[in-house]
Amino acid sequence: MFFLIASVFHPKKSYFEIVKKRVQQLLIPYFLWSFMFFLFWLFLGRKYGESAALELSPVKNFMGVFYAQGDVEYMNWGIPMWFLPSIFLTFLIFWLIKKIIQNKKVKFLIIIISVFMGFLIPRFTNIKLFWSLDVSLILYTFGYYTKNYLLFNNWKGEKISLFILGILHLIFSLFLLQEVDMYRFKYGNEFLFIINALVGVLFWCNFYKTSTLFNHSI
């Protein structure tokens, strides 16, 4: 959902000022908060709880502020912060593809190849790329190209669709998928992960529109 929401607000026009604005919105807050979390961890946090038993390197955790990867060995001070540089990098790659590549077929081919590479790198290697470079672009791309249909256009049979999507989302999430952790590149079955992600996106967008229409009717 976070990748989808970010893609909904991806600009239609490719100006460099947009990139500058995203730096101000994402990277500057990330580094400010990450440095504060790191300092808190360095002087206090690493001496208590699980961190105290791990004997982690302050140097590696300082590097983790810039690397934004490496699990607890590099980001014990705040793993959830990984999302901010990751979504910025996803935005930047998508922005560059749209700006440089004019041919639509070539554009989609590059995006599809990027998605496959994002799944193949962690499956066959132990390499952890900075800023989670190998996290898939598919949800971002899907959200960008379908945002009008998802958020603003009404569907026929929305309530029936909502019920069916909800059942499918529940089945995939509870019975078919293994543990999913995008930061640690755990997708279980990649095909089911993608299908469930898209079903989930469709369900929650449909739920939002249906509940909004219901509230307005009241």
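Structural data are supplied above this passage.
Because the structure is predicted, anything quoted here is derived from the model rather than measured.

Time to look at the side chain of Thr-90. With respect to the element layout, Thr-90 can be found in helix 6 (residues 83–100). A distance of 2.9 Å separates the side chain of Thr-90 from the backbone oxygen of Ser-86, its partner in a polar contact.

A contiguous nonpolar patch, built from Phe-108, Leu-109, Ile-112, Ile-113, Phe-116, Met-117, Leu-120, Phe-124 and Tyr-145 and spanning about 900 Å² of accessible area, is present on the exposed surface. For the nonpolar patch, the element with the highest residue contribution is helix 7 (residues 104–124), accounting for eight residues. One can find Tyr-145 in helix 8 (residues 138–152). Take Tyr-145: its relative accessible area is 36%, and that puts it in the partly exposed class.

You can see Trp-95 is positioned in helix 6. Judged by its relative accessible area of 5%, Trp-95 falls in the buried class.

Next up on the list: the pattern of salt bridges. In a structure, side chains of opposite charge can pair up when their charged atoms sit close to one another. Counted according to the given criterion, the structure contains three salt bridges. Note that Arg-184 and Asp-71 form a salt bridge whose closest N and O atoms lie 2.8 Å from each other. In this pair, Arg-184 sits in the loop between helix 9 (158–176) and helix 10 (190–217) while Asp-71 sits in helix 5 (residues 71–75), placing the two residues 113 residues apart along the sequence. In this structure, Arg-184 and Asp-181 form a salt bridge, with 2.7 Å as the shortest nitrogen-oxygen distance. On the basis of relative accessibility, which here comes to 32%, the residue Arg-184 falls in the partly exposed class. A single network of salt bridges, built from pairs that share partners, joins Asp-71, Asp-181 and Arg-184.

About the thresholds
- Residues numbered from 1 in each chain as written.
- Predicted model: local features only at pLDDT ≥ 70, side-chain atom pairs only at ≥ 80, totals over all residues.
- Heavy atoms only, no water.
- Helix = DSSP H or I, 4+ residues; strand = E, 2+ residues; numbered from the N terminus.
- Polar contact = N/O pair within 3.5 Å; in protein donor to acceptor, adjacent residues only side chain to side chain.
- Patch = residues over 30% accessible without salt bridge, like charges linked within 9 Å, V, L, I, M, F, W, Y side chains within 5 Å.
- Areas by Shrake-Rupley, 256 points an atom, 1.4 Å probe, with all protein chains shown as cover.
- Salt bridge = Lys/Arg side-chain N within 4 Å of Asp/Glu carboxyl O.
- Buried < 20%, exposed > 50% of the residue type's maximum accessible area, 1.4 Å probe, protein only.

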